[in-house]
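Letter by letter, the chains look like this.
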Amino acid sequence: MSRLHLSRRGLVAAALAAPAILVGRARAAGTIQMISHRYPALEYYAEKMRTAIPGTTVNTQLMPYDKALELITIAMSSKSDTPDIVYASDAGFQTFVKNGWFRPLDDLWAKYRDEFKLDDFPDSVRKNFMHDGKLYVMPHTLNAMMFFYRKDLFDAAGKTPPKGFTEYRDLAKSFNSPMRSGNVSCLKPVDAAINEAHWYFNALGDGWFDQDWRPIFNDAKGVQAIEMMKEIAQYAQQGFSAAANDECTIAYQQDIGVMGLQWATRAKAMDDPAKSRVVGKIDWAAPPQGHARMGGDGYAISAFSKQDPDTLFRIIATSASQASIRGAASLLIPPRTSLLNDQELRQANRFYPAALASYEVGTPVPSLPEFYAVGEFITRRILQAVTGEMAVKQALDTAATETTDFLKGHGYYK
Amino acid sequence: MLYPLSYAIWLSLFNYDLGSGARDFIGFGNYAALLVDERFWDTLNRTVLIVLAAVGLEFGLGLLVAYGLYRLSFGVRTLNLLMFLPNIVTPVVAALFLRWIFIGRWGLLSATLIGLGIFPPDFLGNPTWARITVVLADSWQFTPFMILVLYAGLNTVDQSQIEAAQIDGAGVWMLLFRIMLPSIRPLIVFVLAIRLMDAFRFFDTIYVLTSGGPGTATETITLYTYALAFRLLQIGKASALGVLTLLFVAALIALMIRLVYRRERGAF
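Computed from a predicted structure; not experimentally measured. (Residues numbered from 1 in each chain as written. Chains lettered and ligands numbered in written order. Predicted model: local features only at pLDDT ≥ 70, side-chain atom pairs only at ≥ 80, totals over all residues.)

J.: Outline the overall build of chain A, listing residues and values.
T.: Each helix and strand in chain A was counted, giving 18 helices and nine strands. Its C-alpha atoms give chain A a radius of gyration of 23 Å, near enough to 22 Å, the size a compact globule of 414 residues would have. Relative to its full complement of 414 residues, chain A shows a buried share of 51%. If you take every contact in chain A between residues at least 6 apart in sequence, the share linking residues at least 24 apart comes to 76%. (Helix = DSSP H or I, 4+ residues; strand = E, 2+ residues; numbered from the N terminus. Rg over C-alpha atoms; globule rule 2.2 N^0.38 Å. Buried ≥ 20, exposed ≤ 12 C-beta atoms within 10 Å, placed from the backbone. Contact = placed C-beta atoms within 7 Å.)

J.: Explain the environment of A:Ser276 residue by residue, including any values.
T.: All names here are of chain A. By the secondary structure assignment, serine 276 is in the loop between strand S7 (259–263) and strand S8 (282–285). You can call serine 276 partly exposed: it has 19 C-beta atoms within 10 Å. Sequence separation of serine 276 and methionine 63 is 213 residues, and the distance between their C-alpha atoms is 21 Å.

J.: Go over the interface of chain A and chain B with me, naming the residues and quoting the values.
T.: Contacts between chain A and chain B engage 29 residues on the former and 23 residues on the latter. Within the residue set of the side of chain A that touches chain B, elements represented by two or more residues are helix H3 (65–77) and helix H17 (371–386) of chain A. Counting residues per element, the side of chain A that touches chain B draws most heavily on H17(A), which supplies five residues. Along the lines of polarity and charge, the residues of the side of chain A that touches chain B split into 10 nonpolar, 13 polar and six charged. (Nonpolar A, V, L, I, M, F, W, Y, C, P; charged D, E, K, R; others polar.)

J.: Run through the domain arrangement of chain A, naming residues and quoting values.
T.: Residue and element names in this part refer to chain A. Split into domains, chain A comes out as domain 1 (31–142 + 295–360) and domain 2 (145–294 + 366–409). Computed from C-alpha atoms alone, the centre-to-centre distance between domain 1 and domain 2 is 26 Å. Listed as interface residues are 24 residues of domain 1 and, on the opposing side, 25 residues of domain 2. When contributions to the side of domain 1 that touches domain 2 are tallied by element, the ones reaching two or more residues are helix H2 (40–50), H3, helix H4 (93–98) and helix H16 (352–360). With five residues, H16 is the single largest residue contributor to the side of domain 1 that touches domain 2. Looking at side-chain class alone, the side of domain 1 that touches domain 2 contains 15 nonpolar, seven polar and two charged residues. (Domains from an automatic or database assignment.)

J.: Any chance you could break down the domain arrangement of chain B for me, citing the residues and the numbers?
T.: Splitting chain B by domain gives domain 1 (1–36) and domain 2 (38–233). When each unit is reduced to the centre of its C-alpha atoms, the spacing between domain 1 of chain B and domain 2 of chain B is 34 Å.

J.: Can you tell me about the environment of A:Leu261, naming the residues and giving the values?
T.: Residues and elements named next belong to chain A. Mapped onto the secondary structure, leucine 261 falls in strand S7. Since 24 C-beta atoms lie within 10 Å of it, leucine 261 is described here as buried. Separated by 75 residues in the primary sequence, leucine 261 and cysteine 186 have C-alpha atoms spaced 8.5 Å apart. Setting aside anything within four residues of it in sequence, one finds leucine 261 in contact with Met145, Phe147, Glu196, Trp199, Pro287 and Ala292.

Here is the structure:
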C-alpha cells in the first residue's frame, strides 16, 4: 500500500494553487453572480434569472438596500469580476456609472430590441436609467411611495386620508396609543431616511438642492419641514429611527401602526394572510401634498465581468420580459406600456389606482451621483434633530456645510 | 501583518477618493483634517464611553461569577461550558438574535413585558437605551471570556497564601480583594488589555443592532471608519482614521500597563 507523503514545500504549493484551481473551475462552470436589494418583486425576478437560460447557473444574493449598496460598492471599487449582474435604482446607479463600474447597454438593447420587445419600455422609464445619453440599466419595476392607512380605523373614526401635513399630524395624534402608533416612520439612515426626508423637503420645502447643486434643504422652509417631521415622529412606532422598509412593512402587517408612507411594492404583502394580521384592512392613497419619492429599479451589467455580455443581457432581459413582469404585476408597478395599460391587471390589484396616482404626483431624487454619499451626512443630522440631540436649524446648517465641503472636493462649484 | 498595516499607512497619506477618482499625495492632510473634525472627536468620546462601560461591566460580572465558580464544589465544568456558549457564537449572528430580542413592540423582550402588563422603553430607538443595549449586548457575549480567564487565574493562586489568610481571619471578600486579585494582577491586565483592544473594534453588534443610531447615539469610531470608506468612498481618510485608532488603542494599553506596574518595572 503506498503511503501519502507530504512535504512542507508540497503543502505550500498546493495551498497556493488551490484557490486558482477552484476559481478557475467556478468561472469555467459559468456560474453567474448577481447581487440585489431584496423585496418581494426582486425575489421574484431573482428566481426568473436563475431559470432564464437552461444550463446556466445564476447565483443570486439578495439583501436589504443599504447592505446591497455597500457590498456592490466594495466589490466594484476593487474592480472585482464578481458580481456580473448588479441591482441598480434610479437614485444610485449614477454613482456607479460615473465611476465606470457599469457597462452601457445600448448595443445589446439594439441587438435584442425585437426579441424581447424592448420598445415596450416607454422613454420616460428608460430616461430614469440614462447617463450622458447612454442606457445602463434595464428597468424591472416602477415604484412610488404611497400613503398606507388603516381604512377600518379611519372609517370607524369617520376620517378620510389627510390632504396636508397639519391634518396628518392631527390624525397621527388622535390615533396614537401605546399599543398602536398613530404614525409609521422609517428613518434608518441612509436610504429609508432619505425616502421620508425627501417627501417633507419637497412637499413642504423647496427640495434638496438648487440648480448648481448648492444645498437649499436648510432654508426656512426646509427647517419647517423637518420641524414638522419631528413633531409627527412623536407618534411613530418604537424603533422608528432604526427602521427601514422591512421593519415598517412588519409594523403595518402586525397591527402596530395606523398610517404612513411606504413603497407600492410593499402593498401586496398587506393582504398576505401568512404574514399579515390586517388582511383587507389597509388601503392606499396618494401621499398628502404629493412629492413623495418615485423611481424604479433594474439590473445592470458590471464593467468588470468576464462573463459573456450577451448571456448576461439575455438573463436580465428574460427576467424583464412581458410575461415575466406580468407574473410580478401584483408586486410592483409594471414598467412596460402594454402592462401599464392592461385593464385586467388594474382590476386585479387594488393598490394600482393609488400607486399610479402616487407616481403621477411623485418626485424623483436629485440626479446627483454623490447623492447617497451626501445623504449619509444629511440623514445623520436629520436623525439628530428628530431625536432631540441637536436643534433642527443647527442640524440642517451643519449638514449643508458638510455637503458643500464634500461636493467641493468632488469638483462642484468651480 | 506588516503589509496590510504599511498599505493602510501609505493610503492614509493620499486623498484617495473612489467617488471622485482622486488619488493625490497629501502627506498628513487626512490626519490634520480628522483632528479638527467634530465627528471624529464625538465618535472617539462615544467609543471610549461605550468601551469602558462594556469592559467594566464584563470585568465586574466576570470576576463575581468566576469567584462564585471558584468557591463552588460541584458542577463547575458544566456551568463553565454553558456560560461560555455566547462567546462562541459569531458576533453578527449573536447581534441578529439580540436584535429580535430588543426590537420594539414585537421583539421578544418587549412582547414579554407587554404580556406582563409593563410597557417597555424603546430599547433601540431611544438614544440612552440604545447605548445601554449595545453595552449589554457586548457584555452578554464577552463576559464568558472574562469568566473563563479569571476563573483559570483564581485557580493559580498559591493555596498556602489562602490558608494563611483564612487562619488570620480573612473573610470571603477580603480573601478575594486582598489576597487573590493582587496575585493575579498580570492576568487581569492581560485580560483587560485584550478586551479593550477588542472592544475598540466594536462594529458588528452595533452595525446590526442600531447602525450607529438613533441619530449618532451609538456611532463608534469603527462605524465612522466604515462610513468614510464604504459610504463616502474616502479611502485615504478612512485609512488615516484606522491608523489613528490603532495609535490611540496602543497608547491606552501602554498607559494602562504603566499605571498598574508603575512600582514594578519589568514585571510585564
